[in-house]
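Observations on the three-dimensional arrangement
Here is what each chain is made of, one letter per residue.
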Amino acid sequence: EAEPRRAAYPVRGHGLQVLPELGVGVFSGMESDTVVGFDLDTLDMTQMVRPTAPGWRFGGHPALMPDGKHVAIAERHPADPRSGDRPADIARLSGKIVIRDAVTLAPIGEMPSYGIRPHEIQVTLDGRHFVVAHYGSTNAAGTSDDAPGVPDSVAPGIAVIEIASGK
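Conventions we followed
Residues numbered from 1 in each chain as written. Predicted model: local features only at pLDDT ≥ 70, side-chain atom pairs only at ≥ 80, totals over all residues. Heavy atoms only, no water. Helix = DSSP H or I, 4+ residues; strand = E, 2+ residues; numbered from the N terminus. Rg over C-alpha atoms; globule rule 2.2 N^0.38 Å. Contact = heavy atoms within 4.5 Å. Lys, Arg positive; Asp, Glu negative; His and termini not counted. Charge placed at Lys NZ, Arg CZ, Asp CG, Glu CD. Pairing = 2+ DSSP bridges. Axes fitted to C-alpha atoms, helices over the stretch in contact; angles between N-to-C directions. Buried < 20%, exposed > 50% of the residue type's maximum accessible area, 1.4 Å probe, protein only. Core = buried A, V, L, I, M, F, W, Y, C linked by side-chain atoms within 4.5 Å. Phe/Tyr/Trp six-rings, centres within 6.5 Å; stacked < 30°, edge-to-face > 60°.

Here we come to the overall build of the chain. Within the chain, the secondary structure is distributed over one helix and 14 strands. Relative to its length of 167 residues, the chain is compact, with a C-alpha radius of gyration of 16 Å against a globular reference of 15 Å. Structurally, the chain occupies a C-alpha span of about 55 × 35 × 30 Å along its principal axes. Long-range pairs, those at least 24 residues apart, make up 49% of the contacts in the chain between residues at least 6 apart in sequence. Here the chain holds 15 positive side-chain charges and 21 negative ones, and the gap between their average locations is 5 Å.

Below, the structure is given as C-alpha cells:
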C-alpha cells in the first residue's frame, strides 16, 4: 500500500481548487493573508501571494473561472466594528473578488463582492455570473481580526454578479 503524500504550506488553509489541465492547485486561506499555489505532481509550493490591499484578508474558497485558466478569490476588508449606520457600514466594509492567473496567482482584475466578508464563490452553469455568499459580520467593538470576539452580524446575504461587467 502506498504512503500518502503530504505537504505543509504557510497558509491558514480553508479552500482548495485543483486545475489538472494546468498541473497546479490553489490553496486559499480563511481570515488569512496568504494564498499558495502548488504543483499537483510534486506538491511543491510554486507561489505565495498576499491580498491586493494592505490589511485585507482572504476569505474562503477559490472558484475556477469558465476559461479554466483563472481563479476568483474573495478578499475581505478588515473587520472594523460597525458605525451604526448600516448602509454606510455595508459600503465601507464590503469585500471584493479578485481574478488571478491560476499558475502565477498574479491579479488580473477585480470587482466588488457587494457584501461584507465574502466567503463562498460559485460560477453559474452558464459561466456568466458569480454567486457570492457573505458572512455579513464584523468584529464587535474592542476586538480585531487578530483577537476576534463573537461576530457582530450586520448584513449576511448573497450577491449575484455578472462576470463580464462586475455588476
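Right, let's get into the sheet that holds strand E11 (residues 129-134). Reading across from one edge, E10-E11-E14 is the order of the three strands in this open sheet, with antiparallel pairing throughout. A strand with exactly one partner marks an edge of an open sheet, and here the two such strands are strand E10 (118-123) and strand E14 (157-162). Neighbour to neighbour, the strand axes of the sheet diverge by 20 degrees on average, direction disregarded. Bridge count for E10 against E11 is four bridges, and the pairing is antiparallel.

Turning to the pairing of E11, a few remarks are in order. Residues Phe130, Val132 and His134 of E11 are buried on one face, while the alternating residues His129, Val131 and Ala133, pointing to the opposite face, are not. Between E10 and E11, which pair antiparallel and follow one another directly, the connecting turn spans five residues, one of which, Gly127, has a positive phi of 75 degrees. Bridge count for E11 against E14 is six bridges, and the pairing is antiparallel. Along E14, the bridge assignment pairs His134 with Gly157.

At Glu31, a position not held by glycine, the phi torsion is positive, near 50 degrees. Counting through the fold element by element, Glu31 comes out in strand E2 (residues 24-32). Taking the relative accessible area as the measure of exposure, Glu31 reaches 16% and is therefore buried. The phi angle at Leu105 is positive, at roughly 65 degrees, despite the residue not being glycine.

Below, the discussion takes up the nonpolar core. With 13 residues, the main nonpolar core has Ala72, Ile97, Ile121 and Phe130 as its most contacted residues. Of all the secondary structure elements, the ones that give two or more residues to this core are strand E7 (70-76), strand E8 (94-101), E11 and E14. Those residues in contact with Ile97, other than ones at most four positions away along the chain, are Ala72, Ile73, Ala74, Gly109, Glu110, Met111, Pro112, Ser113, Pro118, Ile121, Phe130 and Val132. Counting 10 residues, the second-largest nonpolar core is a separate cluster that includes Val24, Val49, Val71 and Ala102.

Evaluated as defined, the whole model comprises two aromatic pairs. Measuring from ring centre to ring centre gives 6.2 Å for Tyr9 and Phe27, while their planes differ by 75 degrees; the resulting arrangement is edge-to-face. Linking Tyr9 in the segment before strand E1 (13-19) with Phe27 in strand E2, this pair joins segments that are 18 residues apart in sequence. Judged by relative accessible area, Tyr9 falls into the buried class, the value being 17%. Phe27 gets classed as partly exposed once you look at its relative accessible area, which sits at 23%. Taking the centre distance of 5.5 Å and the plane angle of 25 degrees together, the rings of Tyr9 and Phe38 count as stacked. Within this pair, whereas Tyr9 is found in the segment before E1, its partner Phe38 is found in strand E3 (residues 35-39), the two being separated by 29 residues in sequence. In this structure, Tyr9 and Phe38 share a single accessibility class: buried.

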